[in-house]
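Architecture and fold: a report
Single-letter residue listing:
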Amino acid sequence: METRLYKQVADKIQAMIATEGFTCGERLPSERELAAKLEVSRASLREGLIALELSGVIEVRSNSGVYICGRPGHAPLPEAGPGPFEVLSARRVIESEIAAIAAQVATDRAIDAILVAVEAMERDHDDVATNEQADRNFHMALAHATGNSALVGVMNHLWDQRGHLWHKLKEHFQTEELRKETLGDHRAILQAIASHDPAAARKAMRVHLGRVTRTFSS
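Just so it is clear, the structure is predicted and the values come from calculations on it, not from any experiment. (Residues numbered from 1 in each chain as written. Predicted model: local features only at pLDDT ≥ 70, side-chain atom pairs only at ≥ 80, totals over all residues. Heavy atoms only, no water.)

Looking now at the pattern of salt bridges. Enumeration over the complete set of coordinates arrives at 15 salt bridges. With its nearest N and O atoms 3.0 Å apart, the salt bridge here joins Glu176 to Arg179. With Glu176 and Arg179 both in helix α9 (residues 176–194), this residue pair falls three residues apart, about one helical turn. When salt bridges with common partners are traced through the structure, they connect Glu31, Arg42 and Arg46 into a single cluster. (Salt bridge = Lys/Arg side-chain N within 4 Å of Asp/Glu carboxyl O. Helix = DSSP H or I, 4+ residues; strand = E, 2+ residues; numbered from the N terminus.)

Here's what the structure looks like:
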């Protein structure tokens, strides 16, 4: 079975820590330097760093850097499923088509359910847990709007792939700007579906998931 990319990157980081003699409390080079040194993308580097943080080797401090906080060496990594950017890539392919199909066939009742989820996200913007559930409700309402139970199952599975790596990545790198832009993105998707415009719905979903990907990877 092929080793997941974030584990390969985490192994590279651990090898560098050991080879260069970093000790507990020391700060690692910047993300830009690490990505260049290890010849990996910033997105892959972040996944590797988050995996190491979950295993207790490092600590990612917002606006400060990455610090060694565990015993340098080769720590076992938790099995965290697909990497966050794998999931986002899959969602961009599948959910863009879900949105397009929903725009073609959504009933008034289905559109109302999407609207309820959008309004809940806007109302509970400052309540992280409630907002997260409303976000899921929005994306699931889109899948239900297609009238295709197989797509509902696929969407459920994709959402459940947002595991420990995803939530830690979100904790560190989600911005208030992204949270506000997400509300606008969701409104645009809803409007396209309510207008029964598949091309606009597909584009709006791609824009939304592309924005999330860029924010978390740069």
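As a further point, take the nonpolar core. One finds Ile114, Phe138, Leu142, Met155, Ile189, Ile193 and Phe216 to be the most contacted residues of the largest nonpolar core, which totals 42 residues. Mapped by element, the contributors of at least two residues to this core are α3 (42–54), α4 (84–105), α5 (108–123), α6 (128–145), α7 (149–160), α8 (164–173), α9 and α10 (198–217). Ignoring anything within four residues of it in the chain, the contact list for Leu142 reads Ile98, Ala102, Ile114, Ile189, Ile193 and Met205. If you look at the next biggest cluster of nonpolar residues, it comprises 19 residues, including Ala10, Leu34, Leu38 and Ile58. (Core = buried A, V, L, I, M, F, W, Y, C linked by side-chain atoms within 4.5 Å. Buried < 20%, exposed > 50% of the residue type's maximum accessible area, 1.4 Å probe, protein only. Contact = heavy atoms within 4.5 Å.)

Before going further, it helps to examine empty space enclosed by the protein. All told, the structure shown has one cavity of 30 Å³ or more when counted by the stated rule. Volume-wise, the largest cavity comes out at about 30 Å³. In this structure, the largest cavity is lined by Pro82, Gly83, Pro84, Val87, Gln161, Arg162, Gly163, Leu165 and Trp166. Every element with two or more residues in the lining of the largest cavity is listed here: α4 and α8. For the lining of the largest cavity, a count of residues per class yields five nonpolar, three polar and one charged. (1 Å grid on protein atoms, 1.4 Å probe; cavity = no way out; pocket = protein on both sides within 12 Å on 5 of 7 lines; lining within 4 Å. Points joined across faces, edges and corners; volume = space filled by probe spheres on them. Nonpolar A, V, L, I, M, F, W, Y, C, P; charged D, E, K, R; others polar.)

A word on the side chain of His139. Note that His139 resides in helix α6. Here the side chain of His139 touches Glu95 through a polar contact of 2.6 Å, side chain to side chain. Once residues lying within four places of it in the same chain are set aside, the contact partners of His139 are Arg91, Glu95, Met155, Trp159, His186, Met205 and His208. (Polar contact = N/O pair within 3.5 Å; in protein donor to acceptor, adjacent residues only side chain to side chain.)

Attention shifts here to the layout of surface pockets. Each pocket or cavity is described by its volume, and for the largest pocket that value is around 390 Å³. Contributing to the lining of the largest pocket are 25 residues, with Asn131, Glu132, Lys170, Gln174 and Arg179 lying nearest its centre. Counting residues per element, the ones that place at least two in the lining of the largest pocket are α4, α6, α8, α9 and α10. Glu31, Arg61, Ser62, Asn63 and Phe173 are, among the 16 residues lining the second largest pocket, the residues nearest its centre. Those elements giving two or more residues to the lining of the second largest pocket turn out to be α2 (31–38), β1 (58–61), β2 (65–68) and α8. For the lining of the second largest pocket, the residue count by class is five nonpolar, six polar and five charged.

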